[in-house]
Amino acid sequence: MEQKVAFIRRPSSRLEEGLVTHIERSKVDYELALKQWDEYVKALHDNGWETIEVEPADDCPDSVFIEDTMLVYGDLAIISRPGADERKPEVVAAEKAARQAGYRIAHITEPATLDAGDILKYGGKVWVGQGGRTNADALKQLKELLKEFNAEVIGVPLSLVLHLKSAVTALPDGTVIGYRPLVDDESVWDKFLAVPEESGAHVVLLGGNKILMSASCPQTKTIFEEMGYECIAVDISEYEKLEGCVTCLSVRLRGHVE
């Protein structure tokens, strides 16, 4: 059976100071955010996932969005170099956790910048958002680092949202889903399905036909259920105020943890 483990990181007490770029700032309820984080972690546990809690980075308001710290591919953890200087310290403890979990380590290096939330991977293809926090140098470095896996690395234009996975993710069958007003070029993908709600574009694959998604997209949830998927909905309203989504709050590791 495939081992399912996820890195998670407790929210900083400075969460409400997190960066926002494409939406207006609104007040974050920290106590509610903590409860929502606990429920997110519980949803992982309830669906057969173990979690490894990475050391908190309380001085980094956005540190709960741990997905941005690394791209895990096979037994290799590629440590990011965040596009916002305020977020660069987040990678230190994340790299330590990846080493302790038995991953080989590689780094994105200057002048490249990479937020791993800009990366969507499926079926041997790795799509990399270009235009926000991740630049062309990062795309070049990823192509070199992933050669050993014969992965096809593809740059994708990005101008309407913070990260690529704020615009699109993939269903278990490989269909890429997105909220059309926030997708620069849907023709990048052979199978694209437009969803009616922004947060409906974000899913975490839990295994089998189970997907984790936000509670703020009931119409999309119904569509996915009609497609035969079992949808686990979690309320992450306080993280959505900071341009976060269900993918941002964990790094999913499949089968390579020692």
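Residues numbered from 1 in each chain as written. Predicted model: local features only at pLDDT ≥ 70, side-chain atom pairs only at ≥ 80, totals over all residues. Heavy atoms only, no water.

### Topic: the pattern of salt bridges
Evaluated as defined, the whole model comprises 17 salt bridges. The salt bridge involving Arg-14 is made with Glu-17; its shortest N-O contact spans 2.9 Å. On the basis of relative accessibility, which here comes to 30%, the residue Arg-14 falls in the partly exposed class. For Glu-17, a relative accessible area of 42% gives the class partly exposed. Notably, a salt bridge pairs Glu-144 with Lys-147, separated by 3.3 Å at the nearest N-O pair. Just as Glu-144 is exposed, Lys-147 falls in that class too. Overlapping salt bridges, with partners in common, bring together Glu-67, Lys-165 and Arg-252 in one network. (Salt bridge = Lys/Arg side-chain N within 4 Å of Asp/Glu carboxyl O. Buried < 20%, exposed > 50% of the residue type's maximum accessible area, 1.4 Å probe, protein only.)

### Remarks on the sheet that holds strand 6 (residues 119-122)
Taking strand neighbours across the sheet as the criterion, the three strands line up as 6-7-8 in an open arrangement whose pairing is mixed. The open sheet has two edge strands, strand 6 and strand 8 (152-157), and neither has a second partner. Put simply, the sheet's adjacent strands are angled 20° from each other on average, direction ignored. Pairing of strand 7 (residues 125-130) with strand 8 involves six bridges; the strand directions are parallel. Each residue of the ladder has a partner; that of Gly-129, found in strand 8, is Val-156. (Pairing = 2+ DSSP bridges. Helix = DSSP H or I, 4+ residues; strand = E, 2+ residues; numbered from the N terminus. Axes fitted to C-alpha atoms, helices over the stretch in contact; angles between N-to-C directions.)

### Concerning the side chain of Asp-118
Here Asp-118 lies in the loop between strand 5 (104-107) and strand 6. In this structure Asp-118 is buried but unpaired, with Arg-133 as the nearest side chain of opposite charge at 7.4 Å. Side-chain polar atoms of Asp-118 contact the side chain of Thr-134, separated by 2.6 Å. Leaving out residues up to four positions away in the same chain, Asp-118 has contacts with Trp-127, Val-128, Gly-129, Arg-133, Thr-134, Leu-158, Leu-162, His-163 and Leu-164. (Lys, Arg positive; Asp, Glu negative; His and termini not counted. Polar contact = N/O pair within 3.5 Å; in protein donor to acceptor, adjacent residues only side chain to side chain. Contact = heavy atoms within 4.5 Å.)

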